[in-house]
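# Notes for the structure review
Residue strings, one per chain:
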Amino acid sequence: MSQLECRDLCLGYDGRTILHNLNFSIDSGDYLCIVGENGSGKSTLMKTILGLQSPISGEIITGDGLHQNEIGYLPQQTVVQRDFPATVREIVLSGCQARCGLRPFYSKEEKKLADENIEKMGIANLGKRCYRELSGGQQQRVLLARALCATKKMLLLDEPVSGLDPKVTAEMYQLIEGLNKDGITVIMISHDIGAALSYADKILHIGQNVFFGTKKEYLESEVGKGFGMNGGRE
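Right, let's walk through the structure included here. (Residues numbered from 1 in each chain as written. Predicted model: local features only at pLDDT ≥ 70, side-chain atom pairs only at ≥ 80, totals over all residues. Heavy atoms only, no water.)

## A closer look at the overall build of the chain
Each helix and strand in the chain was counted, giving 10 helices and nine strands. Whereas a compact globule of 234 residues would reach a radius of gyration of roughly 17 Å, the chain reaches 18 Å, a difference of no more than 12%. Dimensions of the chain, computed from C-alpha atoms along their principal axes, come out at roughly 50 × 40 × 35 Å. A total of 234 residues make up the chain; the buried ones form 49% of that total. Carbon and sulfur atoms provide 49% of the accessible area of the chain, an area that totals close to 11,700 Å². Here the chain carries 26 positive and 29 negative side-chain charges, and the mean point of each set is 6 Å from the other. (Helix = DSSP H or I, 4+ residues; strand = E, 2+ residues; numbered from the N terminus. Rg over C-alpha atoms; globule rule 2.2 N^0.38 Å. Buried < 20%, exposed > 50% of the residue type's maximum accessible area, 1.4 Å probe, protein only. Areas by Shrake-Rupley, 256 points an atom, 1.4 Å probe, with all protein chains shown as cover. Lys, Arg positive; Asp, Glu negative; His and termini not counted. Charge placed at Lys NZ, Arg CZ, Asp CG, Glu CD.)

So, in structure tokens, the structure goes:
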């Protein structure tokens with residue numbers, strides 16, 4: 001059974017439909033990149049998968065043991081969020097909130113999980129630092145560690161390298177690739193089509209034309225060719 005499936009999904013906001021009859025499915029361990037023109041509905045789709053927004057029609061089905069509250073999410077940051085006055089460890093720990101239920105404190109196991117993910121993201125030396133004092137790349141590592149506290153199964157990443165310099169961008173992509181190789185399903189929105197073709201094994205292109213399939217199929221499709229594709233990493 002697919003880990004996540006969208007059936008005849010129609011999405012929109014403010015009474016306006018922006019995506020019609022979208023159908024696709026992904027399996028555990030897939031690396032899906034969502035591409036397309038600005039305003040095509042990429043972030044709206046991600047919010048709908050997370051249950052933060054309701055579809056106009058259609059349905060999203062989780063399977064293979066995945067529950068909606070077990071999906072980790074790294075959103076695009078606002079200016080206010082970048083200036084959040086909390087420590088790195090506090091922010092990473094907040095990723096465990098869904099595990100707490102009605103319990104008003106973090107357990108020993110949750111604190112250990114947060115510390116493990118801080119270590120995994122290479123930011124153990126920043127645990128007591130204030131988040132607002134960090135560089136953009138360090139903040140993204142913090143948010144990725146936070147997302148990992150919510151899941152061992154699926155990560156949704158909305159433009160995870162936006163605003164980062166080339167070196168830090170490459171490091172972030174390598175971190176994400178490593179998590180995928182460890183078995184975590186990755187769904188990533190990206191404007192960087194070169195990176196999408198380098199790392200993803202499946203592509204969902206949404207907009208005036210819709211395509212879903214493998215990277216190879218996308219490169220050979222009219223949608224892919226029309227979007228200026230000329231290859232990626234094998």
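Okay, back to it.
## Notes on the state of the cysteines
Here the structure, examined in full by the defined rule, presents zero disulfides. The closest cysteine sulfur to the non-disulfide-bonded Cys 6 is located on Cys 10, 11 Å from its own sulfur. A relative accessible area of 1% places Cys 6 in the buried class. (Disulfide = S-S within 2.5 Å.)

## Some words on the packing of helix H5 (residues 108-120) against helix H6 (residues 136-150)
Between H5 and H6, the least distance of the axes is 9 Å, while the angle of their chain directions is 140°. Put simply, H5 runs oblique to H6. Crossing geometry of H5 relative to H6 is assigned as right-handed. Packed against H5, whose contacting residues are Leu 113, Ala 114, Asn 117, Ile 118 and Lys 120, the element H6 presents Ala 145, Leu 148 and Cys 149 at the interface. Residues of the contact of H5 with H6, tallied by class, amount to six nonpolar, one polar and one charged. (Axes fitted to C-alpha atoms, helices over the stretch in contact; angles between N-to-C directions. Parallel < 35°, antiparallel > 145°, perpendicular 65-115°, else oblique. Left-handed = near helix turned anticlockwise from the far one by under 90°. Contact = heavy atoms within 4.5 Å. Nonpolar A, V, L, I, M, F, W, Y, C, P; charged D, E, K, R; others polar.)

## Some words on the sheet that holds strand S1 (residues 4-13)
Pairing in this open sheet of three strands is antiparallel, and the strands run S2-S1-S4 from one edge to the other. Bordering the open sheet on either side are strand S2 (16-26) and strand S4 (57-62), each of which pairs with just one other strand. On average, each strand axis in the sheet is tilted by 25° relative to the strand beside it, whichever way the strands run. Packing of helix H1 (residues 42-49) onto the sheet brings it into contact with S1, S2 and S4, and relative to S1 it is tilted by some 120°. (Pairing = 2+ DSSP bridges.)

## Quick notes on H1
Of all eight residues making up H1, six are buried, and the element is well covered by its neighbours. Regarding H1, the residues found buried are Lys 42, Thr 44, Leu 45, Met 46, Thr 48 and Ile 49.

## Considerations on the packing of H6 against helix H7 (residues 166-181)
Taken N-terminus to C-terminus, the directions of H6 and H7 make an angle of 15°; their axes are 10 Å apart at the nearest point. Classified by the angle their axes make, H6 and H7 are roughly parallel. The way H6 lies across H7 gives a crossing that is right-handed. Only Val 168, Glu 171, Met 172, Leu 175, Ile 176 and Leu 179 of H7 make contact with H6, whose side of the interface consists of Gly 137, Gln 140, Arg 141, Leu 144 and Leu 148. Residue composition of the contact of H6 with H7, grouped by class: seven nonpolar, two polar and two charged.

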